[in-house]
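Chain and residue survey
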Amino acid sequence: MLCVCSPTFAPENEAIERERCPFPFAFYNPQRMDKSGQIALLEKMVNSLLESDPSFFLVQVKIKPTNNIKVFIDGDHGVTIENCIKLNRKLYSQLEEAAVYPDGDYSLEVSSPGVGEPLLLHRQYLKNAGRLLEVKLMDDTTIIGVLKIVAEDHIVLEATSGKGKKAVTQQHQVFFTQIKEASVQIQF
């Protein structure tokens, strides 16, 4: 079933249109939306697809000027390539069915944020407890330490400086409002 919003669609006709077309995203016309409106629509679509498995969550949607759509998802226990492929196929199908980009003038990529990508959500901090983080603060100082605690409004990092008998371990409480950027560091 192809459901497309008519060019004369008006909000007062929404109830009538919804009865005729059960697809929940058929009332959006990306040609009339700015990028933030398109991103909001895509976030709504992705979140509805992820409802079936609450261990996965949306991190971010980006749209490049060439309509290259990048969807970043994460999971409490990680994300596999198969998870990304499955979501990509479902989202692509919804985009096509709703004729969100009627001329097919878009590309779609679904992936997890790469290692080293900044943590954007509280849930990502929870997932990465026990791992080494590099945290850049608003005052441009940097703390590198193991993420020990994730609270509602702050994190606690344990950082060790020096080596051997001169090693000193300190705990740093950092409020989320102080964080400019935080990323997981790979240890070898």
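Just above, that's the structure.
A brief look at the structure comes next. (Residues numbered from 1 in each chain as written. Predicted model: local features only at pLDDT ≥ 70, side-chain atom pairs only at ≥ 80, totals over all residues. Heavy atoms only, no water.)

As a further point, take the overall build of the protein. The secondary structure content of the protein amounts to 4 helices and 8 strands. The 188 residues of the protein split such that 37% are buried. Taking all contacts inside the protein whose residues are at least 6 apart in sequence as the whole, residues at least 24 apart take part in 49%. Of the roughly 11,400 Å² that the protein leaves accessible, carbon and sulfur atoms contribute 52%. (Helix = DSSP H or I, 4+ residues; strand = E, 2+ residues; numbered from the N terminus. Buried < 20%, exposed > 50% of the residue type's maximum accessible area, 1.4 Å probe, protein only. Contact = heavy atoms within 4.5 Å. Areas by Shrake-Rupley, 256 points an atom, 1.4 Å probe, with all protein chains shown as cover.)

This part takes up the packing of aromatic side chains. Applying the stated criterion across every chain, the model contains 3 aromatic pairs. Measuring from ring centre to ring centre gives 5.9 Å for Y92 and Y106, while their planes differ by 40°; the resulting arrangement is tilted. Of the two residues, Y92 is situated in helix α3 (residues 81–97) and Y106 in the loop between α3 and β3 (107–111); the sequence distance between them amounts to 14 residues. Among the residues examined, Y106 registers a relative accessible area of 12% and is labelled buried. Taken together, Y92, Y101 and Y106 form an aromatic cluster joined through their ring pairs. (Phe/Tyr/Trp six-rings, centres within 6.5 Å; stacked < 30°, edge-to-face > 60°.)

For the rest of this paragraph, the subject is helix α2 (residues 35–50). When the terminal C-alpha atoms of α2 are compared, their 22 Å separation across 16 residues agrees well with the 22 Å that a helix rising 1.5 Å per residue should span. Of all the positions in α2, only Q38, L41, L42, M45, V46, L49 and L50 are classed as buried. Looking straight down α2, one finds that the buried residues subtend no more than 165° of arc, so they occupy a single side. Tucked into the core, α2 has its buried residues touching β1 (56–63), β2 (68–75) and α3. (Expected span 1.5 Å × (residues − 1). Arc of directions from axis to C-beta.)

Inspection of the sheet shows strand β6 (residues 154–161) paired to strand β7 (residues 168–175) by 8 bridges, in the antiparallel sense. Opposite H154, over in β7, you have F175 as the bridge partner. From the end of β6 to the start of β7, which pair antiparallel, there are 6 residues, and G162 there has a positive phi angle of about 85°. (Pairing = 2+ DSSP bridges.)

Moving on, we come to the packing of α2 against α3. Packed helices, taken two at a time, are described by the angle between their axes plus the distance between the axes. Contact geometry of α2 with α3 gives a least axis separation of 10 Å together with a crossing angle of 130°. Classified by the interaxial angle, the pair formed by α2 and α3 is oblique. As for the relative orientation of α2 and α3, their crossing is right-handed in sense. Where α2 abuts α3, its residues L42, M45, V46, S48, L49 and L50 lie against L87, K90, L91, Q94 and L95. Residue composition of the contact of α2 with α3, by class: 8 nonpolar, 2 polar and 1 charged. (Axes fitted to C-alpha atoms, helices over the stretch in contact; angles between N-to-C directions. Parallel < 35°, antiparallel > 145°, perpendicular 65-115°, else oblique. Left-handed = near helix turned anticlockwise from the far one by under 90°. Nonpolar A, V, L, I, M, F, W, Y, C, P; charged D, E, K, R; others polar.)

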